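Okay, here's what each chain looks like letter by letter:
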Amino acid sequence: MSERSRRMCVLAATPLTIHLFLKPHLQELTRHFEVTLACNPNTDTYVPPLCLPVRELALPIERKIAPWRDLQALVALCRLFAHERFDVVVSVVPKAGLLGMLAGWLLRVPLRVHIFQGEVWASRRGPMRWLLKRLDGLTALLATHVLAVSESEKHFLEQQGVVPAGKVDVLGSGSICGVDMSRFRPDSVSRAMV
């Protein structure tokens, strides 16, 4: 299999996640993979077009718990994975992670990567915290690789029992997309104006 023929699917619930965090990564990944991006374009409609050299697919995924729609999204993902036979599935955000890792596991996608970048259950209490935490644990169990955006998040996930120690990796010093030095740079003139 040539390097260019490897196929990857990147999943997110909304285009905003892609726009804010993954655009530079996707741009680079297209040098090595045929990339398909799946998210719900009907949310965050104010986000400008992504303008990436990837195939974009609409996925009926909801950010909130919606059992019937979640099942429909899972079936759509299973059909997509069966038809496309991706080599890698990468997910970010909880719902896309759970559905993507489950569909990837069911369809035996060889590499299933989930990126943890903040846990919605961390500020919850009671049964909802327990449920959301267990769902994140299931996502991690179904993934072949788990990434966290920082060392502190990695330790938090391990300490909370969501991911077994040693299964979570942090790339470099952490961060989901780093700092764009062309936009954020020391500027003594601007600083003096403050």
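Let us look at the structure shown here. Numbering of residues starts from 1 in each chain and follows the order in which that chain's sequence is written. For this predicted model, a pLDDT threshold of at least 70 governs which residues receive local features, and a threshold of 80 or more governs which side-chain atom pairs are given and counted, while totals over whole chains, interfaces and linings are taken from all residues. Hydrogens and water molecules were not included; the side-chain quantities draw on all heavy atoms of the structure.

Time to look at the packing of aromatic side chains. Stacked, edge-to-face and tilted are the three classes for Phe, Tyr and Trp ring pairs, Trp counted by its six-membered ring, which pair at centre distances within 6.5 Å; planes under 30 degrees apart are stacked, over 60 edge-to-face, the rest tilted. This structure, assessed with the given rule, holds 2 aromatic pairs. Relative to F86, the ring of F81 has its centre 5.9 Å away and its plane inclined at 85°; by these criteria the two rings are edge-to-face. The pair formed by F81 and F86 is uniform in burial state, with each residue classed as buried. Seen in terms of ring centroids, W121 and F156 are 5.4 Å apart; in terms of plane orientation they differ by 15°. Their pairing is stacked. Of this pair, W121 sits in the loop between β5 (111-116) and α4 (126-142) while F156 is found in helix α5 (residues 151-159), placing the two residues 35 residues apart along the sequence. Residue burial is assigned from relative accessible area. The probe radius is 1.4 Å, only protein chains are included, and a residue is buried under 20% of its type maximum, exposed over 50%, and partly exposed in between. Judged by its relative accessible area of 24%, F156 falls in the partly exposed class. In this analysis the charged atom, NZ for Lys or CZ for Arg, is taken to sit over a ring once it is within 6 Å of the ring centre and within 35 degrees of the ring normal. Over the face of the ring belonging to F33 we find R6, whose NZ or CZ atom lies 4.6 Å from the ring centre. The ring of W105 is capped by R108, whose NZ or CZ atom sits 4.8 Å from the centre of that ring. Labels follow the DSSP assignment, with helices taken as runs of H or I lasting at least four residues and strands as runs of E lasting at least two, numbered in each case from the N terminus.

β5 sits mainly inside the fold: 5 of its 6 residues count as buried. Read from strand β4 (residues 88-92) through helix α3 (residues 94-106) to β5, the crossover connection turns out right-handed. In this structure, β5 lies alongside strand β6 (residues 145-148), joined through 4 bridges in parallel fashion. Within β6, the residue paired with I115 across the bridge is L147. The definition of a right-handed crossover adopted here requires that, viewed with the strands pointing away, the path from the first strand over the helix to the second runs clockwise. As a crossover connection, the stretch from β5 through α4 into β6 is right-handed. Strands are treated as partners if at least two bridges between them are detected by DSSP.

Together, I65, M128, W130 and L131 give the surface a local cluster of nonpolar side chains, amounting to about 380 Å² of exposed area. Residue placement: M128 occurs in helix α4. Two distance rules govern patches: like charges are joined within 9 Å, and nonpolar side chains (Val, Leu, Ile, Met, Phe, Trp, Tyr) within 5 Å, applied only to residues with over 30% relative accessible area and no salt bridge. The Shrake-Rupley method, run with a 1.4 Å probe sphere, supplies the accessible areas, and residue values consider only the shown protein chains as cover. Any Lys or Arg side-chain nitrogen located within 4 Å of an Asp or Glu carboxyl oxygen qualifies as a salt bridge.

Attention shifts here to the environment of E158. The topology assignment puts E158 in helix α5. E158 sits 10 residues away from V168 along the chain, and the two C-alpha atoms are 8.1 Å apart. Discounting chain neighbours no more than four positions away, the residues touching E158 are V163, P164, A165, G166 and V168. By the convention used here, residues are in contact when the closest approach between their heavy atoms is within 4.5 Å.

Moving on, we come to the pattern of salt bridges. Taken as a whole, this structure holds 6 salt bridges when the rule is applied. The salt bridge involving R7 is made with E34; its shortest N-O contact spans 3.6 Å. With R7 in strand β1 (residues 7-11) and E34 in strand β2 (residues 34-39), the pair connects residues that are 27 residues apart, well separated along the chain. Judged by its relative accessible area of 21%, R7 is partly exposed. Among the salt bridges present, the one from D70 reaches K95, with a minimum N-O distance of 2.7 Å. Linking D70 in helix α2 (residues 67-84) with K95 in helix α3, this pair joins segments that are 25 residues apart in sequence. Taken as a pair, D70 and K95 share a single burial class, namely buried. Three or more residues joined by partner-sharing salt bridges are found here, namely R7, E34, R55 and E84.

This next bit is on the sheet that holds strand β7 (residues 168-169). With parallel pairing, 7 strands are arranged side by side in an open sheet as β3-β2-β1-β4-β5-β6-β7. Across the chains shown, the open sheet's two edge strands, defined by having one partner strand only, are β3 (55-58) and β7. Two strands pair when backbone bridges link them, and β2 and β3 are joined in this way by 4 bridges, in the parallel orientation. Bridging across to β3, T36 finds its partner in R55.

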